[in-house]
Amino acid sequence: MKTMVVATLALLAVTSCGGGGGGGSGGSAVGGSVSTGDGDVGLAYSNGHPITVRTTEPTILANEAEVIRLVNDRRVAIGKNALVDDSAIREVARGHSYHMIVHSFFAHTNPEGDSPGGRLSRAGIGWSMAGENIAAGYPSAQSAYDAWMNSPGHKANIERDGWLRTGVGYQYDGNSTYRWYWTQNFTKP
């Protein structure tokens, strides 16, 4: 049985909005390769919206790795297991951050109706438990992490028992609403 853990409240620098759960459909996934400027869309919906984004951009990878380090340091400090950094989950998280920028939304459920678990499943990632934290408007890994740790729902996701794998997706666009977008997905296979 699959369990969708709260797609924890979305966090913005100035305002907050509620997060969604649920399944979703909204179009079939097809392969594609569309440049994002910082990577390529690996898997997309039939309407061209991204599901996964691949990159080798050092700044993006370093920001993502820093969030994972901060989360794992916290988990270990409170006696929890460190999470495995999963590149496939990172691509889904990065795809969601990019999707929020280019299609001007900020939510756990995307315009196609997919929740975090739905996006993970579309990318071929199996899970029995899945969750997500998102943030926008925070210019550094530390500031996004700090905001999550100051929010009870986000902190609970970071500290939750049962998680084994994670992936963080970071994207920046100076012309977008919040400029910096962060997504962290958590899974238990």
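Since the structure is predicted, the reported quantities are computational estimates derived from the model, not experimental observations.

### Digging into unusual backbone geometry
The backbone of S104 sits at a positive phi, close to 45 degrees, despite the residue not being glycine. Here S104 shows up in the loop between helix 2 (87-102) and helix 3 (116-122). Classification of S104 as exposed rests on a relative accessible area of 62%. You will see that R179, though not glycine, has its phi angle at about 65 degrees, which is positive. Structurally, R179 is set in the loop between strand 9 (165-172) and strand 10 (180-188).

### What to know about the pattern of salt bridges
Taken as a whole and judged by the stated rule, the model has 10 salt bridges. Taking the shortest distance from any N to any O, the salt bridge between E64 and R94 comes out at 2.7 Å. Highlighted residues: E64 in helix 1 (residues 58-77) and R94 in helix 2, separated in sequence by 30 residues. Neither E64 nor R94 differs from the other in exposure class; each is buried.

### Considering the packing of aromatic side chains
In this description, a pair of aromatic rings is defined by centroid distance and the angle of the planes. Using the criterion set out here, one finds five aromatic pairs in the structure. Centroid distance Y170 to W182: 4.4 Å. Interplanar angle 40 degrees. Geometry classified as tilted. With Y170 in strand 9 and W182 in strand 10, this residue pair connects regions lying 12 residues apart in the sequence. With respect to burial, Y170 and W182 carry one shared label: buried. Seen in terms of ring centroids, Y172 and W180 are 5.5 Å apart; in terms of plane orientation they differ by 45 degrees. Their pairing is tilted. Accessibility expressed as a relative area gives 36% for Y172, which makes it partly exposed. W180 sits in the buried class, given a relative accessible area of 15%.

### Here we look at the confidence of the model for the protein
When pLDDT is averaged along the protein, the result is 85, and 79% of the positions lie at 70 or above. Confidence over residues 4-37 falls short of pLDDT 50; this stretch has 110 contacts with residues more than four positions distant or in other chains.

### Let's talk about the packing of helix 1 against helix 4 (residues 141-149)
Close contact between helix 1 and helix 4 brings their axes to 9 Å; oriented N to C, the two are set at 40 degrees. The orientation of helix 1 with respect to helix 4, classified from their angle, is oblique. In this structure, helix 1 meets helix 4 at a crossing whose hand is right-handed. Contacts between helix 1 and helix 4 pair N63, E66, V67, L70, V71 and R74 from the former with A141, Q142, Y145, W148 and M149 from the latter. In the contact of helix 1 with helix 4, the residues fall into seven nonpolar, two polar and two charged.

Calculation notes
- For every chain, the first residue of the written sequence is number 1, and numbering continues from 1 onward in sequence order.
- Reporting in this predicted model follows two pLDDT cut-offs: at least 70 for local features of residues, and 80 or more for side-chain atom pairs to be given and counted; totals over whole chains, interfaces and linings ignore these cut-offs and use all residues.
- Note that the side-chain values use all heavy atoms of the structure and ignore hydrogens as well as water.
- Counting from the N terminus, the helices are DSSP H or I runs at least four residues long and the strands are E runs at least two residues long.
- Relative accessibility thresholds used throughout: buried, under 20% of the residue-type maximum; exposed, over 50%; partly exposed, between the two (1.4 Å probe, protein chains only).
- A pair is scored as a salt bridge if a Lys or Arg side-chain nitrogen falls within 4 Å of a carboxyl oxygen belonging to Asp or Glu.
- Two rings belonging to Phe, Tyr or Trp (six-membered ring only in the last case) form a pair when the distance between their centres is within 6.5 Å. Interplanar angles under 30 degrees mark stacking, angles over 60 mark edge-to-face geometry, and anything in between is tilted.
- Confidence of the prediction at every residue is given by pLDDT, a number between 0 and 100.
- Contact criterion: two residues are considered in contact whenever any of their non-hydrogen atoms come within 4.5 Å of each other.
- Note on definitions: angles span 0 to 180 degrees between N-to-C directions of axes, and those axes are lines fitted to C-alpha atoms, for helices only across the stretch in contact.
- Here the angle decides the label: under 35 degrees means roughly parallel, over 145 means roughly antiparallel, 65 to 115 means roughly perpendicular, and every other value means oblique.
- Should the near helix be turned anticlockwise from the far one by less than a right angle, the crossing is termed left-handed; should it be turned clockwise, right-handed.
- Residues are sorted three ways: Asp, Glu, Lys and Arg are charged, Ala, Val, Leu, Ile, Met, Phe, Trp, Tyr, Cys and Pro are nonpolar, and all the rest, Gly among them, are polar.

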